[in-house]
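Survey of secondary and tertiary structure
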Amino acid sequence: MAFEIERKFLLAVPYESIGDRIQVRSEQRIEQTYLALEEDQELRVRRITDVGSGEVTYTHTFKKGFGIKREEVEYSINKGLYEQVVTAFGAVALTKNRITADWNDIVIEIDMYDQIQLTVLEVEFDSEEAANSFAAPDWFGEDISRSKEYSNKTVWKQLQQK
């Protein structure tokens, strides 16, 4: 099984103010819909559009766990399967732009959500030790790695109730 080890932060400054601190690699438009949620497990699908090239990809992901280390299995699916699943569920997709950038030789991802005022910065690590010893600069903001309040699935659930 593959594991995702990451720390998440509430970006403490406006995204526009960090341009001189980061080197942008790419920007993606992401639409994601959850198919099943149960305690510490989730199934979701995503449509991912590369803003620069316009290329569109689709994924299906299973995640298990909570906190900085979670089991993750992700694979590509085709457009037809994605559309069938999303249409069958009839749910409101969670939408966001993701900026992937380099900061001090570290890859960061910044998610800017559409339906709520929320900007989250993520850093992935090779080990829990590296994640736990990482000293984030103040501008990264509050560490929300273990906060369910800001998880994608929590935000998505709230969207379905509106």
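A brief report on the enclosed structure follows.

How each quantity is defined
- Residues numbered from 1 in each chain as written.
- Predicted model: local features only at pLDDT ≥ 70, side-chain atom pairs only at ≥ 80, totals over all residues.
- Heavy atoms only, no water.
- Helix = DSSP H or I, 4+ residues; strand = E, 2+ residues; numbered from the N terminus.
- Rg over C-alpha atoms; globule rule 2.2 N^0.38 Å.
- Buried < 20%, exposed > 50% of the residue type's maximum accessible area, 1.4 Å probe, protein only.
- Contact = heavy atoms within 4.5 Å.
- Areas by Shrake-Rupley, 256 points an atom, 1.4 Å probe, with all protein chains shown as cover.
- Lys, Arg positive; Asp, Glu negative; His and termini not counted.
- Charge placed at Lys NZ, Arg CZ, Asp CG, Glu CD.
- Phe/Tyr/Trp six-rings, centres within 6.5 Å; stacked < 30°, edge-to-face > 60°.
- Lys NZ or Arg CZ within 6 Å of the ring centre and 35° of its normal.
- Salt bridge = Lys/Arg side-chain N within 4 Å of Asp/Glu carboxyl O.

1. Description of the overall build of the chain
Counting its regular elements, the chain contains three helices and nine strands. Its helices and strands taken in sequence order, the chain reads β-β-β-β-β-α-β-β-β-α-β-α from the N to the C terminus. Against the 2.2 N^0.38 benchmark of 15 Å for 162 residues, the chain shows a C-alpha radius of gyration of 16 Å, consistent with a compact globule. Residue burial in the chain is summarised as follows: out of 162 residues, 41% are buried. Pairs at least 24 apart in sequence give 58% of the contacts found in the chain among residues at least 6 apart. Carbon and sulfur atoms make up 46% of the accessible area of the chain, which totals about 8900 Å². One finds the centroid of the 20 positive side-chain charges in the chain at a distance of 4 Å from the centroid of its 30 negative side-chain charges.

2. Observations regarding the packing of aromatic side chains
One pair of aromatic rings is described through two measures. These are the centre distance and the angle between the planes. Counting across every chain of the model gives nine aromatic pairs. Residues phenylalanine 134 and phenylalanine 140 carry aromatic rings whose centres are separated by 6.0 Å and whose planes lie at 40° to one another, so their mutual orientation is tilted. When sorted by exposure, phenylalanine 134 lands in the same class as phenylalanine 140, which is buried. Among the aromatic residues, those joined into a ring-pair cluster are Phe9, Trp103, Phe125, Phe134, Trp139 and Phe140. Across from the ring centre of phenylalanine 3, 4.6 Å away, lies the NZ or CZ of lysine 69, which sits over that ring. Positioned above the aromatic ring of phenylalanine 66, the side-chain terminus of lysine 148 is 4.9 Å from the ring centre.

3. What about the pattern of salt bridges?
Enumeration according to the criterion identifies 17 salt bridges in this entry. Put simply, glutamate 128 and lysine 69 hold a salt bridge, and the shortest N to O gap is 3.6 Å. A residue pair is termed long-range when its members are at least 10 positions apart, and glutamate 128 in helix H2 (residues 128-133) and lysine 69 in strand E5 (residues 69-77) qualify at 59 residues. Several salt bridges share partner residues, and in doing so they unite Glu4, Glu42, Lys63, Arg70, Glu72 and Lys153 into one network.

4. A few points about unusual backbone geometry
We note that glutamate 39 has phi near 45°; this positive angle belongs to a residue other than glycine. Considering the arrangement of structural elements, one finds glutamate 39 in the loop between strand E2 (23-38) and strand E3 (41-50). Residue classification places glutamate 39 among the exposed residues on the basis of a relative accessible area of 73%. Notably, aspartate 105 is not glycine yet its phi reads approximately 65°, a positive angle. Its location among the elements puts aspartate 105 in the loop between strand E6 (94-103) and strand E7 (106-113). Residue class for aspartate 105 comes out exposed when judged on its relative accessible area of 84%.

5. Describing the environment of methionine 112
Structurally, methionine 112 is set in strand E7. Sequence separation between methionine 112 and lysine 96 is 16 residues, and the spatial gap between their C-alpha atoms is 5.4 Å. Ignoring anything within four residues of it in the chain, the contact list for methionine 112 reads Tyr15, Lys96, Asn97, Ile99, Leu118 and Thr119.

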